[in-house]
Amino acid sequence: MRKWKKLGALGMASLMAVSVLAGCQGSQKTQQAATSADTVKTEGAKTEGEKTDNPAPVVLRMWGGVPAEAGPQAVCDNFNQLYKDKGIQVEYERFVNDDTGNLKLETNLLSGDGVDLYMTYSTDALTKRAEGNMALDLSKLIARDNFQLTNYFGTLAEAYYINGKPYSIPTKLDQYGIVLNQDMFEAAGIEIPTEWTFDEFREIAKKLTHGDGQDKVYGMFWNSQQDLTYLFTYLAAQTNGGDPMYKNDKETSFDDPVVIKSVELINNMMNVDKTSPTHTDSVTQKLSQESMFLTGKSAMTVGPWIVRSIKDQASYPHEFKTAFAPYPVVEKGQRKYTQGGYGDHLCINPKSQNIDAAWEFAKWYATKGMLPVVEGGRVPASNTYNALEVTEAFVMGAENYLDAETTQKILITPADNYAVPSITNHIAEVKKIAVEELEGIFIGKQTVEDGMKKAKARADELLQK
Amino acid sequence: MKKIRLSKQLKIDLTGYAFILPNIIGVCLFTLFPMIFSLIISFTDWDYTKGIGNWNFIGLTNFAEMWQDEWFTSSLINTIIFAVGVVPVTVFLALILAVIIDKYCVARLPMRLALFMPYISNIVAVAIVWVMMYSPWGPFTQLVKLFGMENPPQWLGDTTWALPALMLMTVWSGVGYSNMIYTSALQGLPQDVYEAADIDGANEIQKFFRLTIPFLSPTTFFLIITTFITSFQVFAPIQIMTRGGPGTATNVLVYYIYTSAFTFYKMGYASAMSWILFLILFGITMFQWAGQKKWVSY
């Protein structure tokens, strides 16, 4: 009798285990992305093999962090249509742009030719990949085709050279700004700011905050659970330029007055004014910009990468209109840089078998092919595009949800004073130290002054080693 | 005659080896080779991005340096706190529950199943549910508020409470396994001894401490060693629930090894730390083997 009972229990337990596992699959998209990458690879190989009778087209494998349906698939379809007779085809594979996703990409790059082209999203990653032989030096190809980057992207392109050489084509123009709920601003009788100081920003956030408990509407949402360093660095970069965490290669700027003021601003809004969810709230409730800003629980947030979700009314239905404003500065006249620059650095795998075809695609994408991804919220960096056309594509389908005027002004019209990063010495460690001390500050374990002093001492020791 | 027999024996041997060959290849490729490789690179300054072979042998520098590394020492301390907290609670709770369910429970099977469920559930799903449980709207905060605490702790967002919160979850998810092992051990205990104890007039408590615990000591020994090893290797809940934070409050050894390998790309250093982790676990296990003579009776 007992034996049967046990067997029954075992059966039930395994059944439950299977169902639990099945239930989890939905939430583990990250891991799936990796495995499906492998399947795509084999499928690609298969099609290559099948079409031996007519000259087999080169099938490029392109990896990017943007979900395929947000534009890249349409880009690839356009390209495949155009290049059908020229024997080049491209397949898109998405990797999640986080530590794990980038690790997968790099493992792939280091181990062979599974990837022909890929996107790099940060300058420190670009440096690492250029120096680690994961990105091809494009100098020869550029000289061969007379495709001078400065002709298309201005002298700013040179800021992304690594050790004086181009390892990528910059494709996206990033201009950052505060994302705001225009309806809430109108209701409160506040004009959309075009220039503001930290104090004015704080006051406006106070005016926009109301309600209590679960119904509270916050003036600002700092999105701090995602990454604590970018908040203060974006603020400080307006005044201090592209390396807001460094004074020089061997010294961090965690004692710089603008940096301290920026951290104080965030801390005051979280813990003194209570005009923003605290860091603890963000972490313990896993708050996201979608769950705060797009549901009307905060009037402002940092951005503008949320544009993708603003346009996705099916997943994030909302009624209000979104406008943009520049990041605030400590005091009037301190705006010396625009936080932004080039992103989406398109790189070619030096181990690729199809470097020429990949280069062909890269040129086409940067100068002609990007409109479908513009609809997903990415502004092209190349001057071959028409600004009006870009704005139109950018707000397309979301005319009622995006304010075209501030969109064009803040996000699309290029500036001439970008804060371009150049120092990457031990940046991962420096960031980790900053995050740890900032967490201590924001949860109230230490003052801003003490915390930043500790961060500086710890990070400088590391840099000088 | 003899020759044929020998070749027969050889045939049998070869067939046997052929059967285990797939596994041997697997072990060599995925266990033995990585182990040796990690030992070699632990003596180098290998930066992952520089590619294989691009390393300098630096002797024992990695092993010497880590003791000056605050991240390493604090994560080691967190790991020790974690293990020392989790192991006794899990094992003791499992024992008590096993005895109670075995003796006094009506619906034994559902109870055991309920206890075992967390152990076989996917740790990612479990961790996400527990994040919600620890949120300000979750049961823990509400419970504490019910007892009149004005400012309930923020659990995972609090430097003091984050580690205990993780420990509680680990105990919850691990107790079912230990309970299962204890239950099967309990069923194999000799009944005549208990009958003799009954005749001698021993009460339940006496029987528990004088008979059950000594009888179960080999099981306890086994469980302590295995749960100690698994708690030293805790990683998944940390990665999902706190990512080592807030500050360094939940930064445990394996998580730091992961960070230095895959965020800082210091493969040599990370390998050195994993070998230290191995040595620590080896040392603790040896110590327990030596200590078992004093309290384990077979």
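Residues numbered from 1 in each chain as written. Chains lettered and ligands numbered in written order. Predicted model: local features only at pLDDT ≥ 70, side-chain atom pairs only at ≥ 80, totals over all residues. Heavy atoms only, no water.

1. A short note on the pattern of salt bridges
Residue and element names in this part refer to chain A. Note the cut-off: We define a salt bridge as a contact between a side-chain nitrogen of Lys or Arg and a carboxyl oxygen of Asp or Glu at a distance within 4 Å. Where helices and strands are cited, they refer to DSSP runs of H or I of at least four residues and of E of at least two residues respectively, numbered from the N terminus.
Following the criterion strictly, the structure yields 26 salt bridges over all chains and no others. Of the charged contacts, one joins E200 and K332 as a salt bridge, the two residues approaching to 3.1 Å between their closest N and O atoms. A residue pair is termed long-range when its members are at least 10 positions apart, and E200 in helix α9 (residues 198–208) and K332 in the loop between β10 (322–325) and β11 (340–348) qualify at 132 residues. Put simply, D273 and R202 hold a salt bridge, and the shortest N to O gap is 2.8 Å. You can see D273 sitting in the loop between α11 (257–272) and α12 (279–284) and its partner R202 sitting in helix α9, a full 71 residues away along the chain.

2. Looking at the sheet that holds strand β12 (residues 379–380) of chain A
Residues and elements named next belong to chain A. The criterion, for reference: Two strands are counted as paired when DSSP detects at least two bridges linking them. Working rule for contacts: check all heavy atoms of both residues, and any pair within 4.5 Å makes them a contact. In this description, a line fitted to the C-alpha atoms serves as the axis of each element, helices being fitted only across the stretch in contact, and the angle between N-to-C directions of two axes falls anywhere from 0 to 180 degrees.
Spatially, the six strands line up as an open sheet ordered β2-β1-β3-β11-β4-β12, and their pairing is mixed. Of all strands in the sheet, those bounded by a partner on one side alone are β2 (88–94) and β12. Docked against the sheet, helix α15 (residues 355–369) engages β1 (58–64), β2, β3 (117–120), β4 (169–175) and β11, running at close to 30° with respect to β4.

3. Observations concerning a nonpolar patch on the surface
What counts here: Each patch is built from salt-bridge-free residues with over 30% relative accessible area, joining like charges within 9 Å and nonpolar side chains (Val, Leu, Ile, Met, Phe, Trp, Tyr) within 5 Å. Shrake-Rupley sampling with a 1.4 Å probe provides the accessible areas, and residues are treated as covered by the protein chains on show and by no other component.
On the surface, L10, L14, Y17, F19, I20, L21, I24, I25, L29 and F30 of chain B cluster together to form a nonpolar patch covering roughly 1100 Å² of accessible area. With respect to the helices and strands, F30 of chain B occurs in helix α1 (residues 2–41).

4. Remarks on the interface of chain B and chain A
Size of an interface, as often reported, equals the accessible area lost when the parts are brought together. We apply this condition: The term buried area means the drop in 1.4 Å probe accessible area that two parts suffer when joined, counted for both and summed. Counted as a polar contact is a pair of N or O atoms within 3.5 Å, where, for protein atoms, one must be capable of donating a hydrogen and the other of accepting one, and residues adjacent in sequence contribute only when both atoms are in side chains.
Opposite the 40 residues of chain B that make contact, chain A presents 37 residues. Both sides together, the interface formed by chain B and chain A hides about 3400 Å², and carbon and sulfur atoms give 62% of it. At the junction of chain B with chain A, the criterion picks out one salt bridge. Between E429 of chain A and K266 of chain B there is a salt bridge whose closest N-O contact spans 3.5 Å. If you look at where chain B meets chain A, you find eight residue pairs in polar contact (both at pLDDT 80 or more). The set of elements that each furnish at least two residues to the side of chain B that touches chain A consists of α3 (70–104), α4 (108–120), α5 (123–133), α10 (236–241) and α11 (253–262) of chain B.

5. A look at the UniProt feature "transmembrane region" (unreviewed entry) in chain B
Residue and element names in this part refer to chain B. Stated formally: UniProt positions are given in the numbering used here, feature names are shortened, and annotations may be inferred rather than shown by experiment.
As annotated in UniProt, the feature "transmembrane region" (unreviewed entry) corresponds to residues 20–41, 76–101, 113–133, 161–182, 215–236, 248–265 and 272–290 in the numbering used here. Helix and strand shares over residues 113–133 are 90% and 0% respectively, and the end C-alpha atoms of the span are 22 Å apart. Structurally, residues 215–236 is divided into 86% helix and 0% strand, and its ends, taken at the C-alpha atoms, are 35 Å apart.

6. Considering unusual backbone geometry
Of note, the phi angle at K286 of chain A is positive, near 50°, even though the residue is not glycine. Note on placement: K286 of chain A falls in the loop between α12 and α13 (289–292). A positive phi angle, close to 50°, is found at R243 of chain B, a residue other than glycine. Here R243 of chain B is to be found in the loop between α10 and α11.

7. A few points about the UniProt feature "domain: ABC transmembrane type-1" (unreviewed entry) in chain B
Those places that UniProt annotates as "domain: ABC transmembrane type-1" (unreviewed entry) correspond, in this numbering, to residues 76–288 of chain B. Structurally, residues 76–288 of chain B is divided into 77% helix and 0% strand, and its ends, taken at the C-alpha atoms, are 20 Å apart.

8. Concerning the packing of aromatic side chains
All names here are of chain A. Put simply, the test is: Between 30 and 60 degrees the pair is tilted, below 30 it is stacked and above 60 it is edge-to-face, where a pair is any two Phe, Tyr or Trp rings, Trp via its six-membered ring, whose centres lie within 6.5 Å. Relative accessibility thresholds used throughout: buried, under 20% of the residue-type maximum; exposed, over 50%; partly exposed, between the two (1.4 Å probe, protein chains only). Consider the ring centre and the ring normal. A charge sits over the ring if Lys NZ or Arg CZ is within 6 Å of that centre and within 35 degrees of that normal.
Within the structure shown, the criterion is met by 50 aromatic pairs over all chains. Measuring from ring centre to ring centre gives 4.2 Å for F79 and Y83, while their planes differ by 15°; the resulting arrangement is stacked. As far as the burial class goes, F79 and Y83 line up, both buried. The ring of Y83 is capped by K86, whose NZ or CZ atom sits 4.6 Å from the centre of that ring.

9. Some thoughts on the sheet that holds strand β5 (residues 177–181) of chain A
Residues and elements named next belong to chain A. Strand order in the open sheet formed by four strands is β6-β9-β5-β10, with mixed pairing between adjacent strands. In this open sheet, the two edge strands, each paired with only one partner strand, are β6 (218–221) and β10. Pairwise comparison of adjacent strand axes, ignoring direction, gives a mean angle of 25° for this sheet. Note: β5 against β10, four bridges, orientation antiparallel. Directly across from I178, in β10, lies its bridge partner A325. The strands touched by helix α18 (residues 404–412) within the sheet are β5 and β10, with β10 carrying the most contacts at an inclination of about 40°.

10. Concerning the domain arrangement of chain B
Residues and elements named next belong to chain B. Test applied: Domains are outlined according to an automatic or database domain assignment. Basically, the charged four are Asp, Glu, Lys and Arg, the nonpolar ten are Ala, Val, Leu, Ile, Met, Phe, Trp, Tyr, Cys and Pro, and anything else, Gly included, counts as polar.
Splitting chain B by domain gives domain 1 (2–41) and domain 2 (61–295). Summed over both sides, the interface between domain 1 and domain 2 buries roughly 370 Å², with carbon and sulfur atoms accounting for 65% of that surface. For domain 1, the biggest contributors to the area lost against domain 2 are S38, L39 and I41; these three give 87% of the whole. Applying the counting criterion to the domain 1 and domain 2 interface returns zero salt bridges. Counting the contacts that link domain 1 with domain 2 gives one residue pair in polar contact (both at pLDDT 80 or more). When grouped by side-chain class, the residues that make up the side of domain 1 that touches domain 2 number three nonpolar, one polar and no charged.

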